[in-house]
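Descriptive analysis of the structure
Letter by letter, the chains look like this.
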Amino acid sequence: MTDRQYADGIVPGRLSPEHYSHNFADLHPPLDRHEALVEADRCYFCYDAPCMHACPTSIDIPLFIREIATGNALGAAKTIFDQNILGGMCARVCPTETLCEEVCVREEAEGKPVKIGQLQRFATDAAMMAGKQFYERGAPTGKRVAVVGAGPAGLACAHRLAMYGHDVTIYEARPKAGGLNEYGIAAYKTPQDFAQHEVDYVTAIGGVEIVNGKALGRDFSLSQLAAEHDAVFLGMGLAGVNALRAEGEEADGVGNAVDYIATLRQAKDLSELPIGRRVVVVGGGMTAIDAAIQSRLLGAEEVTICYRRGREHMNASVYEQDLAASKGVIIRHWLLPKRVNAEDGKVTGIELEYTRLADGRLEGTGETLTLKADQVFKAIGQSFEAGALNGSGAAIALEGGRIRIDGEGRTSLPKVWAGGDCIAGGDDLTVSAVAQGRDAAESIHQALMG
Amino acid sequence: MADIRSNFLGIKSPNPFWLASAPPTDKAYNVERAFKAGWGGVVWKTLGEEGPPVVNVNGPRYGAIWGADRRLLGLNNIELITDRDLYVNLREIKQVKKNWPDRALVVSLMVPCEEEAWKAILPLVEETEADGIELNFGCPHGMSERGMGSAVGQVPEYVEMVVRWCKQNTRMPVITKLTPNITDVRKPARAAYAGGTDAVSLINTINSITAVNLDTFAPEPTIDGKGSHGGYCGPAVKPIAMHMVADIARDSETAGLPISAIGGITTWRDAAEFLALGAGTVQVCTAAMTYGFKIVEEMAAGLSNWMDAKGHATLDDIIGRATPNVTDWQYLNLNYVTKARIDQDLCIKCGRCHIACEDTSHQAITATVNGVRRFEVIEEECVGCNLCVNVCPVEDCIDMVSLAAGALDKRTGQPVSADYANWTMHPNNPMKAAAE
Ligand SMILES: Cc1cc2nc3c(=O)[nH]c(=O)nc-3n(C[C@H](O)[C@H](O)[C@H](O)COP(=O)(O)OP(=O)(O)OC[C@H]3O[C@@H](n4cnc5c(N)ncnc54)[C@H](O)[C@@H]3O)c2cc1C
Ligand SMILES: Cc1cc2nc3c(=O)[nH]c(=O)nc-3n(C[C@H](O)[C@H](O)[C@H](O)COP(=O)(O)O)c2cc1C
Ligand code: SF4
Ligand code: SF4
Ligand code: SF4
């Protein structure tokens, strides 16, 4: 600890250097070989395994676990990558408690699922550390595909297209590839620059060029892209954030959780990253949880998540909520922000109104509460910025503010596919983005070669 | 409290759990520890004739196979008989017997197949006041190449001859230890019986290779690039040992011959099963070598708790109780019909029963019912084979239910007959037709 531990305001260096490295180390240290073998032995090799159905990328889980158990970790990695080329990241960030592990029959048997995610990490780490590549670029087809966004959806799409021999160019607005893997995922889930290692591992197949700093809608239009390529895949994620609609929102110290996390993820030295003494996070999803936990890990004394509905309505899983609680985050429910209090333009607190459900509708009770705060994070959801698509040519059809697609990932425009967070009806998970990118690539390939 | 004291050939021990002749009984240090831990008796590691002792390999002497979580299921070894001086062993045996008069102490012997050799060693053993001797006709490696161990045990005439020499030259009870490396174990048992043996013990270890090293292409355990077959023991051999014990127990030619059972005994339950098949005591090696001597506490307590729960007062109430129920296939009741039944509350829906039955057997278990994942037995197809029970990871989740007489067997469309009818009576049996 340092003399700035309890300093008011938003200041850097609240902790001593060893505390930063300890706090931001791997959330779940990797299984060693012995642990992996013991865990792999627990898998029953189920028929038509429920876990496999619950994985959005349909990894053959019983097969890869059996491969680990028989001492064939590289074979296990290939089984995983066949379905999910970002299996390494997914092993770290998937909320397995609501996906594969939730339905593992050993969850039903004894309340302790096989640690599928951890085993997946064991296998993928083995292959990636050995630099083992399983796929070769297909014989060149001469077809050119543009991918917009180098997030999980774009990368998965590009890799599958390269396997088929198509030339892929990824246009990425940000200076680095990886999407939210690089700029959004909590730091303790993916330490040691894993996101960039994975980008390199995925693109090592060849035939994929990433052009950074080029944004659709700013540097070129969709109709241009479509004209210059045989197909276009949109994997742009969600560039916008929802507004709080509370008075005083523009005060100094109020910010978007995703922006703060992006800054954190790019920080070279976390001790130089300022954080408030008392932090309030508004929201109830994974982003709110991540922002709150990381605020605590940076040394904030008091971190409170305020959510406008009840615990059972939160998007963050029970596991994530418990994780936050274990890190000392306070989660409060049924509170709606009304006003941000400020002095000299700087946040001093936030006034919230208690809420309740009346006939299924949320309403304020009139009673209010004021929490002291020197920093407020908004984490009430991201939104798709359709503006980037509006250039020349026909408008793409949206649904609920995001891109409408059909069962194969085709948008309303010819030659244009989409996947990941930017499409309607998704569940905003890395693994789903991978599945959608991969499947769109299959559809594109069919269309180009058919 | 059930009385688990054992009296085997007049050799008394506080419980029927003996340590088999093997490394756990190779010297006073180990045997003292075993008795402190509560073992009822030991068979001392096999002694050889006077002179320079045998030598063991100086590299690995064990190989193994494992189940889930590296649980040791089978062990093999290429160890020989004791490699310690005969007189050191005899002195220790005498002292240990003196220290532990209430425990059984039997001495295992293996000397060349000559009467003089046996005549020479028997008085030396008698002098220790040990309770009896066990003739090692079983060791399947090394010693057998020198005409001893299983080389004797595999020739019934030799077995009878050596047993007779021993009976003529000692007052001590003689237990003949049989090798399983033979097609019909009743033959050497009958030979030992004819020679006058007081009991048989079985099984010794089974010829085996446990693994091949895929880097060096040599069998394990590997000694300087080569390997030899070794003797297999541990949980994996228990079914083989049980069959052999039962075969001797129900052989009318050796009726009443006491048996000390050996082979894979690891828990009280294993021991109780051997006793039920007709054994008077049980001997343990691998389980002790895997977990140490403390396991005898679980064995003794488990056996006595089970006997209390079932109202068995002494070992005599259980010994041989299962023997009459071991029969030949041809006498099994073909009118006995069972169907698998899955307890849906216990089922964790792993689907193993389904795929086992679907891929390899009778297509009698569903995977879905009305589009929902659900495993149910299709009685029209189920032959009652028990495969699903054996592959199901949840104990008691699948039950084999026998159909009452008169009930409809949906597979055959026939009602279940109340009559006992076996193969010898079956119309499809050509031998039956011939007999008529
Ligand atoms: C804070 C936070 C934490 C999360 N934690 C988890 C988690 O633990 N587990 C999990 O499964 N999911 C998590 N998610 C969700 C997950 O990150 C996303 O679902 C996933 O990244 C979506 O992938 P994508 O490829 O669709 O979009 P993104 O990852 O958002 O990638 C889109 C890419 O497109 C680029 N782009 C955008 N607009 C343009 C343009 N006009 N031109 C060019 N490029 C453009 C962006 O810069 C970005 O690189 C989290 C999300 C957030 C915000
Ligand atoms: C390392 C080792 C050495 C053995 N040495 C002897 C021996 O000297 N004499 C003998 O009669 N049996 C010997 N045996 C066989 C055991 O006494 C016993 O018959 C066999 O291991 C089966 O019992 P288990 O399954 O409980 O181990 C040996 C077994 C092992 C593992
Ligand atoms: S990708 Fe995610 S959901 Fe699928 S198996 Fe791996 S950890 Fe589970
Ligand atoms: S459900 Fe669990 S036990 Fe069954 S295959 Fe999947 S991980 Fe293995
Ligand atoms: S093997 Fe057992 S647990 Fe698995 S589905 Fe069949 S009955 Fe259920």
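Reading the values: rules and limits
- Residues numbered from 1 in each chain as written.
- Chains lettered and ligands numbered in written order.
- Predicted model: local features only at pLDDT ≥ 70, side-chain atom pairs only at ≥ 80, totals over all residues.
- Heavy atoms only, no water.
- Helix = DSSP H or I, 4+ residues; strand = E, 2+ residues; numbered from the N terminus.
- Rg over C-alpha atoms; globule rule 2.2 N^0.38 Å.
- Buried < 20%, exposed > 50% of the residue type's maximum accessible area, 1.4 Å probe, protein only.
- Contact = heavy atoms within 4.5 Å.
- 1 Å grid on protein atoms, 1.4 Å probe; cavity = no way out; pocket = protein on both sides within 12 Å on 5 of 7 lines; lining within 4 Å.
- Points joined across faces, edges and corners; volume = space filled by probe spheres on them.
- Nonpolar A, V, L, I, M, F, W, Y, C, P; charged D, E, K, R; others polar.
- Near = heavy atom within 4 Å.
- Axes fitted to C-alpha atoms, helices over the stretch in contact; angles between N-to-C directions.
- Parallel < 35°, antiparallel > 145°, perpendicular 65-115°, else oblique.
- Buried area = accessible area lost by both parts, 1.4 Å probe.
- Salt bridge = Lys/Arg side-chain N within 4 Å of Asp/Glu carboxyl O.
- Polar contact = N/O pair within 3.5 Å; in protein donor to acceptor, adjacent residues only side chain to side chain.
- Phe/Tyr/Trp six-rings, centres within 6.5 Å; stacked < 30°, edge-to-face > 60°.
- Lys NZ or Arg CZ within 6 Å of the ring centre and 35° of its normal.
- Core = buried A, V, L, I, M, F, W, Y, C linked by side-chain atoms within 4.5 Å.
- Right-handed = clockwise from strand over helix to strand, strands pointing away.
- Pairing = 2+ DSSP bridges.
- pLDDT = per-residue confidence, 0-100.
- Left-handed = near helix turned anticlockwise from the far one by under 90°.

Here we come to the overall build of chain A. Broken down by element type, chain A carries 16 helices and 17 strands. What you see for chain A is a C-alpha radius of gyration of 23 Å, in line with the 22 Å of a compact globule of 450 residues. Across its three principal axes, chain A shows a C-alpha extent of roughly 65 × 60 × 50 Å. Residues counted as buried form 54% of the 450 residues belonging to chain A. In chain A, the share of contacts with a sequence separation of at least 24, taken over all contacts with a separation of at least 6, comes to 69%.

Our next topic: empty space enclosed by the protein. Residues and elements named next belong to chain B. Applying the stated criterion across every chain, the model contains eight cavities of 30 Å³ or more. Volume-wise, the largest cavity comes out at about 420 Å³. The element best represented in the lining of the largest cavity is helix α9 (residues 286-291), accounting for three residues. Among the residues forming the lining of the largest cavity, the class breakdown is 19 nonpolar, 12 polar and three charged.

In the vicinity of ligand 3, the contacting residues are A:Cys55, A:Ile59, A:Ile61, A:Asn84, A:Cys90, A:Cys94, A:Thr96, A:Leu99, A:Cys100, A:Gln120 and A:Val431. Partitioning the shell around ligand 3 into residue classes produces eight nonpolar, three polar and no charged.

Glancing now at the packing of helix α2 (residues 86-99) of chain B against helix α3 (residues 115-126) of chain B. All names here are of chain B. Interaxial distance between α2 and α3 falls to 10 Å at its minimum, and their mutual angle equals 30°. By the angle between their directions, the pair α2 and α3 is classed as roughly parallel. Touching Leu86, Tyr87 and Leu90 of α2 are Ile121, Leu124 and Val125, all from α3. Taken together, the residues that form the contact of α2 with α3 break down as six nonpolar, no polar and no charged.

This part covers the interface of chain B and chain A. The partner chain A presents 11 residues to the 15 residues of chain B that form the contact. Of the roughly 1,000 Å² buried at the junction of chain B and chain A (both faces included), carbon and sulfur atoms supply 59%. If you sort the residues of chain B by the area they bury against chain A, B:Asp69, B:Ile348 and B:Arg373 come out on top, with a joint share of 45%. Seen at the junction of chain B and chain A, the total is one salt bridge. Here chain B and chain A share five residue pairs in polar contact (both at pLDDT 80 or more) between them.

Okay, the packing of aromatic side chains next. In the structure shown here, the tally under the stated rule is eight aromatic pairs over all chains. Their ring planes at 50° and their centres at 5.5 Å tell us that B:Phe35 and B:Trp100 sit as a pair that is tilted. You can see B:Phe35 sitting in helix α1 (residues 28-37) and its partner B:Trp100 sitting in the loop between α2 and β7 (104-109), a full 65 residues away along the chain. A network of ring pairs unites the aromatic residues A:Phe81, A:Phe134, A:Tyr135 and A:Tyr201 as a single cluster. When the ring centre of A:Phe194 is taken as origin, the NZ or CZ atom of A:Arg92, which lies over that ring, is 3.6 Å away.

Here the focus is the site of ligand 5. Surrounding ligand 5, one finds B:Ile342, B:Cys347, B:Ile348, B:Lys349, B:Cys350, B:Gly351, B:Cys353, B:Phe375, B:Cys392, B:Pro393, B:Cys397 and B:Ile398. Counted by class, the shell around ligand 5 contains 10 nonpolar, one polar and one charged residues.

Attention now moves to the nonpolar core. If you look at the biggest cluster of nonpolar residues, it comprises 87 residues, and the most contacted ones within it are A:Ile61, A:Phe64, A:Ile68, A:Phe81, A:Leu119, A:Ile444 and B:Ile342. Judged by nonpolar contacts, the second largest core, of 79 residues, contains B:Val125, B:Cys166, B:Leu178 and B:Trp268.

The subject of this paragraph is unusual backbone geometry. The residue after B:Leu202, namely B:Ile203, is reached through a cis peptide bond having omega 10°. Assignment of secondary structure puts B:Ile203 in the loop between β10 (199-202) and β11 (206-208). In this structure, A:Asp428 is a non-glycine residue whose phi angle is positive, near 55°. Along the chain, the position of A:Asp428 falls in the loop between β17 (416-418) and α16 (430-449).

Moving on: helix α8 (residues 268-276) of chain B. Residues and elements named next belong to chain B. By the criterion of burial, α8 is predominantly enclosed, with seven of the nine residues buried. When we look at burial in α8, the residues that qualify are Trp268, Asp270, Ala271, Ala272, Phe274, Leu275 and Ala276. Taken together, the buried residues of α8 touch β3 (17-19), α7 (238-249), β15 (259-262), β16 (281-284) and α10 (295-310). Gly278 sits one or two residues past α8 and shows a positive phi near 125°.

It is worth spelling out the pairing of strand β8 (residues 302-306) of chain A at this point. Residues and elements named next belong to chain A. The element β8 is extensively covered by neighbouring structure, given that four of its five residues are classed as buried. Crossover strand β7 (residues 278-282) to β8 through helix α14 (residues 286-297) is right-handed. In this sheet, strand β9 (residues 330-332) lies alongside β8 in parallel orientation, the contact comprising three bridges. Within the sheet, the bridge partner assigned to Ile305 lies in β9 and is Ile331. Taking the sense of rotation as the criterion, the β-α-β connection linking β8, helix α15 (residues 318-326) and β9 turns out right-handed.

For the rest of this paragraph, the subject is the confidence of the model for chain B. Residues with a pLDDT of 70 or more make up 99% of chain B, whose mean pLDDT is 96. Across the interface, the model reports ipTM at 0.86; the global pTM reads 0.92.

What follows concerns the environment of B:Val377. Residues and elements named next belong to chain B. Here Val377 shows up in the loop between β19 (372-373) and α12 (387-391). With 102 residues separating them along the chain, Val377 and Leu275 place their C-alpha atoms 36 Å apart. Apart from residues lying up to four places away in sequence, Val377 is in contact with Ala340, Arg341, Ile342, Ala364, Ile365 and Cys382.

All names here are of chain A. Contact geometry for helix α2 (residues 33-40) and helix α4 (residues 61-69): axes closest at 9 Å, N-to-C directions at 130°. Our classification of the angle between α2 and α4 gives oblique. Here the hand of the crossing between α2 and α4 comes out left-handed. Of the residues in α4, those touching α2 at Ala36, Leu37 and Ala40 are Ile65, Ile68 and Ala69. The class makeup of the residues in the contact of α2 with α4 is six nonpolar, no polar and no charged.

Moving on to the sheet that holds strand β12 (residues 361-372) of chain A. Residues and elements named next belong to chain A. The sheet built from three strands is open, its strands ordered β10-β11-β12 with antiparallel pairing. Each edge of the sheet is formed by a strand with only one pairing partner; in this case those strands are β10 (335-343) and β12. Geometrically, the sheet is characterised by an average inter-axis angle of 20° between neighbouring strands, direction not taken into account. Relative to β12, strand β11 (residues 346-358) is paired through nine bridges, and the arrangement is antiparallel. Bridging from a neighbouring strand, Arg356 pairs with Glu363 of β12.

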